[in-house]
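Notes for the structure review
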Amino acid sequence: MKKISVAVLGATGTVGQKFITLLDGHPLFDVAELVASPRSAGKAYRDAANWKQPQPIPATIADKTVKSLDQKLESPVLFSGLDASVAGEAETRFAEAGHMVISNSRNHRMDPNVPIIIPEVNPDHFKILDTQPTTGKIVTNSNCSTMFLAMALAPLHRKYGLTKVQVTTLQAVSGGGYPGVPSLDILGNVVPYISGEEEKIEIEAVKILGSCDGKSLTPADFTVSAQCTRVPVIDGHTETVAFGLAANPSIEEVAETLRSFTGIPQEKQLPSAPRQPIIVTDEPDRPQPARDILLENGMATIVGRLRTCPIMGYKMVIMGHNTVRGAAGAAILNAETLHALGYIQA
Ligand SMILES: NC(=O)C1=CN([C@@H]2O[C@H](COP(=O)(O)OP(=O)(O)OC[C@H]3O[C@@H](n4cnc5c(N)ncnc54)[C@H](OP(=O)(O)O)[C@@H]3O)[C@@H](O)[C@H]2O)C=CC1
Ligand SMILES: N[C@@H](CC(=O)OP(=O)(O)O)C(=O)O
């Protein structure tokens, strides 16, 4: 099958490098163009990128010349891991020029006609793309912490109805990009503040779990309260979650509802789809980032410590790979879903 040429915007960054690693040998997409800042433009990728992945730079990528944002791109599909200071304007311009922009950056997530997609959860929100006035379109994935929260809450909201959610995150340092938080601020420490993160989680989760009638997106009608912390973990965001339900299911029933949850990526066996999007563990001391992060190649949401809560009704601990399912892997799965649904063609 002919592959679709794609460009990676922000190709030299933490998320950009993960895009390149995950797209190496991809059956549908071929990385044809790499874009980064004026600092990197004109250089060979191997010289521009401060490569931090455990695998070497793919041979097909290492010698490609990095382009700048103001150059015309040939690829119909663009994956964006651009710094938020430039992503908003650049993504709009590329959508106007006819590209399908699949973005990981936060800038357009709250635009009324831009969906935040988790393909297992809200593929019906793709319908809102028809209301975007540009020839190209912009699709986003959520904030990394929101990803695991919305994934774990989706089957519960669908079946029982959520009434309220309280979440505290313990976020890995890779979420801040490279070099991120200085080592002297994070080693042996917990930093109880991540700029803008709590607001994003509270707003994005209800947007994703809301409804779409094809003309507008209506947020779900429960409230999320979030507190965010940065912890000395390299990869893997952990979240403690307490929630209320409109019904009264047993813990076993809730666990089964989570375990059996699947969607379009599983039905269509998309290349990056986790076979089981939500893994529920009964081990009393799991999930742990150091032990569980690579389950389903980093694409799973792992739920543990599911139990009753004397205040909220239910509580659990969730965890996932912030730069894979929380970032580049999410965008790639969105692209695979768009292809499977006919929004992008070879
Ligand atoms: N890290 C994570 O886990 C997650 C990150 N995100 C989001 O993804 C995006 C990228 O994050 P991350 O990879 O961590 O960030 P990095 O700082 O590691 O990378 C930023 C990228 O943007 C490029 N860039 C910076 N300024 C410009 C410019 N003026 N013109 C063109 N390109 C530019 C950089 O190029 P150069 O190297 O040349 O400077 C680099 O490729 C951000 O919007 C972030 O909020 C979302 C979810 C999770
Ligand atoms: N803020 C997240 C990563 C991130 O960049 O999120 P967003 O895509 O919402 O800006 C973290 O620190 O772990």
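Residues numbered from 1 in each chain as written. Chains lettered and ligands numbered in written order. Predicted model: local features only at pLDDT ≥ 70, side-chain atom pairs only at ≥ 80, totals over all residues.

A separate point is the pairing of strand 13 (residues 301-309). In the sheet, strand 12 (residues 278-280) pairs with strand 13 via 3 bridges, with the strands oriented parallel. Paired with Ile279 across the strands is Ile302, a residue of strand 13. Sheet analysis places strand 13 next to strand 14 (residues 313-320), joined by 6 bridges and oriented antiparallel. Among the inter-strand pairings, Cys309 is bridged to a residue of strand 14, identified as Gly313. In textbook terms, the turn of a hairpin is the stretch between consecutive antiparallel strands, and for strand 13 and strand 14 this stretch comprises 3 residues. (Pairing = 2+ DSSP bridges. Helix = DSSP H or I, 4+ residues; strand = E, 2+ residues; numbered from the N terminus.)

The next thing to look at is the UniProt feature "active site" (unreviewed entry) in the protein. Annotation from UniProt places "active site" (unreviewed entry) at Cys144 and His237. Maximum C-alpha separation among the annotated residues is 7.9 Å over a sequence range of 94 residues, consistent with a single clustered spot. Mapped onto the secondary structure, Cys144 falls in helix 5 (residues 144-159). For Cys144, a count of 27 C-beta atoms within 10 Å puts it in the buried group. Those residues in contact with Cys144 that sit more than four places away from it in its chain are Gly175, His237, Asn322, Gly326 and Ala327. In this fold, His237 is placed in strand 11 (residues 237-245). (UniProt positions renumbered as here; feature names shortened; annotations may be inferred. Buried ≥ 20, exposed ≤ 12 C-beta atoms within 10 Å, placed from the backbone. Contact = placed C-beta atoms within 7 Å.)

This next bit is on unusual backbone geometry. Residues Tyr178 and Pro179 are joined by a peptide bond in cis, for which omega reads 5°. Examined against the element boundaries, Pro179 turns out to sit in the loop between strand 7 (162-171) and helix 6 (183-186). Backbone torsion omega between Arg286 and Pro287 reads 10°, so that peptide bond is classified as cis. Structurally, Pro287 is set in the loop between strand 12 and helix 10 (289-292). Even without a glycine there, the phi angle at Asn297 is positive, about 55°. With a phi close to 55°, Arg305 is a non-glycine residue in the positive phi region. The residue Arg305 is located in strand 13 in this model. For Arg305, a count of 17 C-beta atoms within 10 Å corresponds to the partly exposed category.

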